[in-house]
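The chain contents come next:
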Amino acid sequence: MKAIQVFGPRHMRMVDVPEPQRESGQLLIRSEVLSICGSDMRSFRYAFPEEQYPLAPCMPCHECVGIVEESDSAEVPAGTRVIALNIGRGGRGGNYGMGAQWVLSAPDLVIPLPEGADPSTYIMCQPVGTVLYAAKRLPNIIGQTVVVLGQGVIGLTFTRLAAQMGAGRIVAVDHHDYRLAKSRQLGATHTVNSYNEDPIEVVRELTGGEGADVVIEAAGQIETVEMIKGLVKMFGTIALFGLPEEPKVELDYVGLMRRQAIIIPNVSASTNDPTGCIKETVELVNSGQLDVSWLVTHRLPFSEAPKAYEMYEGYQDEIIKVVMDASA
């Protein structure tokens with residue numbers, strides 16, 4: 001089968017690897033569509049020690065919709081279309097990436113989809129679900145000032161949800177004008193291109209020097225992490241979501257202590273129920289209460305996955321989200 005493999009920083013190739021062998025309790029899934037997450041860039045462009053290359057096949061990729069081909073589960077029988085999460089989580093073994101034409105998962109790590117569901121749309125329920133998980137952990141933001149650092153898929157989704165949750169001001173920060181334009185369409189009241197303006201100064205001016213009630217870090221960049229202390233008001237709330245490429249990031253610990261902010265880290269995948277927020281998103285989409293189709297801006301065959309990763313990493317062609325057809 002065809003799979004992706006990283007041979008060096010920003011150097012990905014398509015490779016042929018054996019199909020995974022299903023063990024008892026696992027599901028063998030034929031991938032229909034795959035997509036790229038911003039967190040995948042950590043392995044795609046990060047310079048690991050030379051001896052670690054090539055990285056394991058099938059990674060970095062963890063967003064997959066496919067059809068269950070082999071199963072011994074009554075709850076998820078063969079023929080079910082699912083969003084499949086990585087079976088490698090939690091130390092279960094198996095493949096650690098979903099970037100292949102066939103993948104393994106488990107009954108408690110998949111989300112069955114409604115009959116007739118468009119795979120290219122419903123695959124967006126995975127990233128949107130993780131944002132929904134984080135948004136539900138925020139305090140009441142009605143009428144408050146919310147700053148969203150980063151306007152990629154995650155940041156744009158936070159912006160939209162904050163608008164729907166009744167935020168008074170939503171300040172979207174990014175350094176790509178096309179993303180900021182999209183954020184205004186989704187409910188941002190103010191946008192800041194951080195290449196041209198200082199977000200901290202803008203927010204202080206908007207709030208009379210107080211700072212934002214809520215700061216959401218959705219970029220995972222050192223520079224955005226360093227902005228947090230200057231943006232949040234006394235006793236405000238900080239929601240951490242973005243994952244920096246470096247495993248350790250320096251924080252102004254004393255400065256944050258003096259702000260006495262509530263800090264909420266968000267990693268839905270490490271909870272006891274990693275599928276719950278995605279299931280809820282699928283239900284919202286299926287009922288017509290939530291639209292996620294706007295996220296998909298590009299479609300490519302899986303055979304062009306290296307190009308897709310280069311496009312995503314380089315912000316080419318005003319990309320937001322690319323979906324790859326695993327059969328092509």
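Residues numbered from 1 in each chain as written. Predicted model: local features only at pLDDT ≥ 70, side-chain atom pairs only at ≥ 80, totals over all residues. Heavy atoms only, no water.

(A) Representation of a negative patch on the surface. A contiguous patch of negative charge on the surface is contributed by E197, D198, E201 and E205. Considering the arrangement of structural elements, one finds D198 in the loop between β10 (190–193) and α6 (199–206). (Patch = residues over 30% accessible without salt bridge, like charges linked within 9 Å, V, L, I, M, F, W, Y side chains within 5 Å. Areas by Shrake-Rupley, 256 points an atom, 1.4 Å probe, with all protein chains shown as cover. Salt bridge = Lys/Arg side-chain N within 4 Å of Asp/Glu carboxyl O. Lys, Arg positive; Asp, Glu negative; His and termini not counted. Charge placed at Lys NZ, Arg CZ, Asp CG, Glu CD. Helix = DSSP H or I, 4+ residues; strand = E, 2+ residues; numbered from the N terminus.)

(B) Fine view of the pattern of salt bridges. For the structure on display, the rule yields 15 salt bridges. For the salt bridge of K2 with D16, the shortest nitrogen-to-oxygen distance reads 3.1 Å. Of this pair, K2 sits in strand β1 (residues 2–8) while D16 sits in strand β2 (residues 11–16), placing them 14 residues apart in sequence. By relative accessible area, K2 is classed as partly exposed at 37%. Residue R22 pairs with E70 through a salt bridge whose shortest N-O separation is 3.6 Å. (Buried < 20%, exposed > 50% of the residue type's maximum accessible area, 1.4 Å probe, protein only.)

(C) Quick look at the sheet that holds strand β8 (residues 145–149). The strand order across the open sheet built from six strands is β10-β9-β8-β11-β12-β13, with neighbouring strands paired in parallel fashion. Of all the strands in the sheet, the pair left with one neighbour each is β10 and β13 (262–265). Taking each pair of neighbouring strands and ignoring which way they run, the sheet shows an average axis angle of 15°. Of the pairings in the sheet, the one linking strand β12 (residues 232–240) to β13 comprises four bridges and is parallel in character. Considered in β13, the bridge of T237 is made with I262. Together, β9 (169–174) and β10 form the strand contacts of helix α5 (residues 177–185), whose direction differs from that of β10 by roughly 170°. Along the sheet, α6 contacts β8, β9, β10 and β11 (212–217); its crossing angle with β9, the most-contacted strand, is approximately 170°. (Pairing = 2+ DSSP bridges. Axes fitted to C-alpha atoms, helices over the stretch in contact; angles between N-to-C directions. Contact = heavy atoms within 4.5 Å.)

(D) Structural detail: α6. Turning to α6, its buried residues are P199, I200, V202 and V203. The arc enclosing the buried residues of α6, seen along the axis, measures out at 160°, which places them on a common side. Facing away from the buried surface of α6 by more than 90 degrees, the exposed residues are E201 and E205. Sitting at the head of α6, D198 places a side-chain oxygen 3.0 Å from the backbone nitrogen of I200. In the segment just after α6, G208 is the residue with positive phi, at about 65°. (Arc of directions from axis to C-beta. Polar contact = N/O pair within 3.5 Å; in protein donor to acceptor, adjacent residues only side chain to side chain.)

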